Amino acid sequence: MCGIFGYVGEPTEVGDDVLAALRALEYRGYDSWGVAVGVNGHIGVEKQTGKIAQATVDFPTSDIGFGHTRWATHGGVTRPNAHPHLDCTGQLAVIHNGIVENFRELRDALIGRGHHFRSETDSEVIAHLLEETLAGGVPDLARATAVVFDALQGLNAVIVMDVRSRELVAAKTVSPLVAGIGSLGVAIASDALALRGHADRVVYLEDDQLVRLSKSGLTLYERKTMREIPVPLMALDVSQGDTALGAYPHFMAKEMAEQPAVLEHLARGAERPIRELAAAVRESYGTFFVGCGTASYAALTGSYLYSRIAARHVNFVVGSEFKYHEHFITPQSLVVALSQSGETVDVIEAMLAARKRGARLGAVLNVARSTLDRMVDLRVHLDAGPEQCVLSTKAYTAKVAVLLLASHALAGTYERGRDLVLSAAEGLNHMLAADWTEQVQEVARSIHQAEHLFVIGRGLAFPTALEAALKIKESSYIHAEGFAGGELKHGVIALVAPGTPCIVYAPNDETRADILSGAMELKSRGGYMIGIGPTPDPVFDVHLLTPDVADAAPLVNALPAQMLGYHAALLRGNDPDKPRNLAKSVTVK
Ligand code: AGP
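Now for a look at the structure at hand. (Residues numbered from 1 in each chain as written. Predicted model: local features only at pLDDT ≥ 70, side-chain atom pairs only at ≥ 80, totals over all residues. Heavy atoms only, no water.)

1. Quick word on the overall build of the protein chain
- Of regular secondary structure, the protein chain possesses 16 helices and 25 strands.
- Reported as C-alpha extents along the three principal axes, the dimensions of the protein chain are approximately 80 × 50 × 45 Å.
- Within the protein chain, buried positions represent 62% of all 589 residues.
- Here the analysis covers contacts within the protein chain between residues at least 6 apart in sequence; of these, 70% occur between residues at least 24 apart.
- Per element, the accessible surface of the protein chain, about 21,200 Å² overall, is 52% carbon and sulfur.
- Side-chain charges of the protein chain comprise 53 positive and 67 negative groups, with the mean position of each set lying 2 Å from the other. (Helix = DSSP H or I, 4+ residues; strand = E, 2+ residues; numbered from the N terminus. Buried < 20%, exposed > 50% of the residue type's maximum accessible area, 1.4 Å probe, protein only. Contact = heavy atoms within 4.5 Å. Areas by Shrake-Rupley, 256 points an atom, 1.4 Å probe, with all protein chains shown as cover. Lys, Arg positive; Asp, Glu negative; His and termini not counted. Charge placed at Lys NZ, Arg CZ, Asp CG, Glu CD.)

2. A few points about the sheet that holds strand β18 (residues 334-339)
- Taken together, the five strands give an open sheet; going across it, the order is β17-β16-β18-β19-β20, and neighbouring strands pair in parallel fashion. The sheet terminates laterally at β17 (315-318) and β20 (378-381), the two strands that pair on one side only. For this sheet, the mean inter-axis angle between neighbouring strands, taken without regard to orientation, is 20 degrees.
- Contacts between helix α7 (residues 271-283) and the sheet are confined to β16 (287-291), β18, β19 (360-365) and β20, with β20 contributing the most and set at about 140 degrees to the helix. (Pairing = 2+ DSSP bridges. Axes fitted to C-alpha atoms, helices over the stretch in contact; angles between N-to-C directions.)

3. Concerning the nonpolar core
- Grouped together as the largest cluster of nonpolar side chains are 89 residues, with contacts concentrated most on L277, Y306, L338, I503, Y505 and L555.
- Considering every element that reaches this core, the biggest residue donor is helix α11 (residues 394-411), with twelve residues.
- Beyond its immediate chain neighbours, meaning those up to four positions away, Y306 contacts L277, V281, F289, A311, R312, V314, L403, A406, S407 and L410. (Core = buried A, V, L, I, M, F, W, Y, C linked by side-chain atoms within 4.5 Å.)

4. Some thoughts on the sheet that holds strand β22 (residues 479-484)
- With respect to topology, five strands assemble into an open sheet ordered β22-β21-β23-β24-β25, the strand pairing being parallel. If you trace the sheet from one side to the other, it starts and ends with β22 and β25 (542-545), each paired once. Ignoring which end each strand starts from, the neighbouring axes of this sheet average 20 degrees apart.
- Against the sheet, helix α14 (residues 461-476) engages β21 (452-457), β22 and β23 (501-505), with an angle of about 175 degrees to β22.

5. A closer look at the packing of aromatic side chains
- Counted by the stated rule, this structure contains three aromatic pairs.
- Centroid distance F454 to F483: 5.7 Å. Interplanar angle 45 degrees. Geometry classified as tilted. Separated by 29 residues along the polypeptide, F454 in strand β21 and F483 in strand β22 bring together distant segments of the chain.
- Of the residues examined, F454 reaches a relative accessible area of 3% and is grouped as buried.
- With a relative accessible area of 15%, F483 lands in the buried category.
- For K51, the ring lying beneath its charged end belongs to Y30, and the centroid distance is 4.4 Å.
- Directly above the ring of Y477 sits R580, whose terminal nitrogen or CZ lies 3.8 Å from the centroid. (Phe/Tyr/Trp six-rings, centres within 6.5 Å; stacked < 30°, edge-to-face > 60°. Lys NZ or Arg CZ within 6 Å of the ring centre and 35° of its normal.)

6. Observations concerning the pairing of strand β4 (residues 62-70)
- Across the nine residues that make up β4, a large majority, nine, are buried.
- In terms of strand pairing, strand β1 (residues 3-12) meets β4 through seven bridges, oriented antiparallel. Residue G3 lies in a different strand from β4, and its bridge partner there is T69.
- Note that strand β2 (residues 32-39) and β4 share six bridges and pair antiparallel. Note on β4: the bridge partner recorded for G34 is H68.

7. With respect to the pairing of β17
- Where β16 meets β17, four bridges bridge the pair, whose relative direction is parallel. From the neighbouring strand, G291 faces β17, where its bridge partner is V318.
- A crossover connection joins β16 to the parallel β17 through helix α8 (residues 293-310); in handedness this β-α-β unit is right-handed. (Right-handed = clockwise from strand over helix to strand, strands pointing away.)

8. A few points about helix α9 (residues 345-356)
- When the terminal C-alpha atoms of α9 are compared, their 16 Å separation across twelve residues agrees well with the 16 Å that a helix rising 1.5 Å per residue should span.
- Of all the residues in α9, the buried ones are V345, D346, V347, I348, A350, M351, A353 and A354.
- Looking at the buried positions of α9, the neighbouring elements they touch are β16, β18, β19 and α10 (371-375).
- Directly after α9, the chain includes G358, whose backbone phi takes a positive value near 85 degrees. (Expected span 1.5 Å × (residues − 1).)

9. So, the pattern of salt bridges
- For the structure shown, the criterion picks out 30 salt bridges.
- Put simply, R113 and E132 hold a salt bridge, and the shortest N to O gap is 2.6 Å. Highlighted residues: R113 in the loop between α2 (103-112) and α3 (124-135) and E132 in helix α3, separated in sequence by 19 residues.
- Judged by its relative accessible area of 24%, E132 falls in the partly exposed class.
- Taken together, the shared-partner salt bridges connect D63, R166 and K215 into one network. (Salt bridge = Lys/Arg side-chain N within 4 Å of Asp/Glu carboxyl O.)

10. A look at the site of the ligand
- Within the structure, the ligand sits among 15 residues, and S339, Q340, S341, T344 and E474 are positioned closest to it.
- A distance of 3.2 Å is found between an oxygen atom of the ligand and a backbone nitrogen or oxygen belonging to T294.
- K471 places a polar side-chain atom, nitrogen or oxygen, 3.0 Å from an oxygen atom of the ligand.
- Against a free-state accessible area of 410 Å², the protein chains account for coverage of 92% of the ligand.
- Of the residues that constitute the shell around the ligand, the class distribution is six nonpolar, seven polar and two charged. (Near = heavy atom within 4 Å. Polar contact = N/O pair within 3.5 Å; in protein donor to acceptor, adjacent residues only side chain to side chain. Nonpolar A, V, L, I, M, F, W, Y, C, P; charged D, E, K, R; others polar.)

11. Details of the side chain of D577
- Mapped onto the elements of the fold, D577 is located in the segment after α16 (553-571).
- Summary of buried charges: D577 has no salt-bridge partner, and the nearest side chain of opposite charge, K578, is 6.1 Å away.
- In this structure the side chain of D577 is engaged in a polar contact, spanning 2.7 Å, whose partner is the backbone nitrogen of F251.
- When residues no more than four places from it in sequence are discounted, the contact partners of D577 are H250, F251, M252, C389 and V390.

12. Quick look at unusual backbone geometry
- P84 follows H83 through a cis peptide bond whose omega is 5 degrees.
- Mapped onto the elements, P84 comes out in the loop between β4 and β5 (85-86).
- Although it is not a glycine, A311 sits at a positive phi angle of roughly 50 degrees.
- If you trace the backbone, A311 turns up in the loop between α8 and β17.
- You can call A311 exposed: its relative accessible area is 72%.

Listed below in structure tokens is the structure:
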């Protein structure tokens, strides 16, 4: 989702600095970008559709500037729709992340009062509202921004620039913003990564606050009262490990290969927070795991693990559906968010709703100091290092490993859980060896031109089938669907035509006999059968061998699908790190 960066301070090549900071935010996913710089008495703006890549901007040195990478929500991918947006006077500029849900009525009223719009976006209404509010006599930019921000409905992060007063002012609801102080001035961004080189002490903005950036530094306000409050600065911590691509061709390849080390690290180093999570589950009357996309499949896997290992009922719900399920949340409930980024808006909204009902909040997440990390009562950090590919790989297996260990902690068999995770890590190391990956590439060649592909699994392998399908669809754009193996006769099998690739997870557990008979049904209708599991079977046309690691099977069963998706993507000419239309963290609804 949209990336934001702004600076006020000593004159620098601020246009170039902004562009470089936006490059650090490229992983968030975007389709256009723009930079605004205060130049003498006016605001210079450069905007482009497409990627920043080798782009350059041409601005004189200045003491104020900001920029934005846009992931289109309202209005097509065009240069006029790229941010920043100016007001009618050209003295004010706005960049925005989120959706102004009442923008239509605001826009119509502004046009009715003579304002001229240059874009189709919801965001531009903010610039014109600000123009009116200041012209109407509100004394300063900070107060005017507070008035305008409160007129916006929805979840938004907004930064405004006034070239006359040489200041930036920002406010946000849910969507993240972090401001900081450096040697040359002050800066603000949607992710601390972009503040590297611009700040050494930072403050994470809260939903009820507003921050002003000027040459005199940072000023923090309680937005409702505009009472100035102390700035709780902390050291900027972006030493989140290795962000370089190294010798890998893509971040997806690197992050798939990091999975064994991530699992070993968790197995050996996360016992205390995992036992804390297990104790919270034990003490709760009703535990809910909440996540979106890949994280939701990790959460669903967790519900099977808690049942099988600890005989404990744990509810699972998709983040965006939580608000339709929250009626039975009580102060005795425990709601645990699963999220790599810690910024997924559907999960944050679910957690805010749970908090309103008095529930205890937990999180299993990868990015420290993210919004989710700062709002929960207890957390387990995956400590998996930066996951920069839009597709989640190592963070998925890490979440599942945490839930496996927490289930065993609850059952009083933590050492057994640790041994399983370590054996899964060892198994992944063998799978990542050349001959296994060459076999996967061969299978990818045989399926990469398919239009449809199905994945089936039962029990623990059912959520794995869902995750496998997501990996393949979001990397290769093949229409891949995951199904519970027992659902074939309830409609799914109508989809299978001769040659349709069908991936079957066949672990050595209680599901094997039934999933193999499902495989026979698919094969008898012409399916091209791809088996994944520790034991081959004649029903399969090709078999990808995985180690037998009992309940840790989900930890080794993800890699075949990740790698199939990766190679099929390359064969189809896709960029596996930045799939079309997708963003690394979905910070808008
Ligand atoms: C995963 O490959 C996808 N990019 C997506 O489904 C992702 O898992 C989802 O958006 C949740 O992200 P989070 O883990 O950062 O909350």
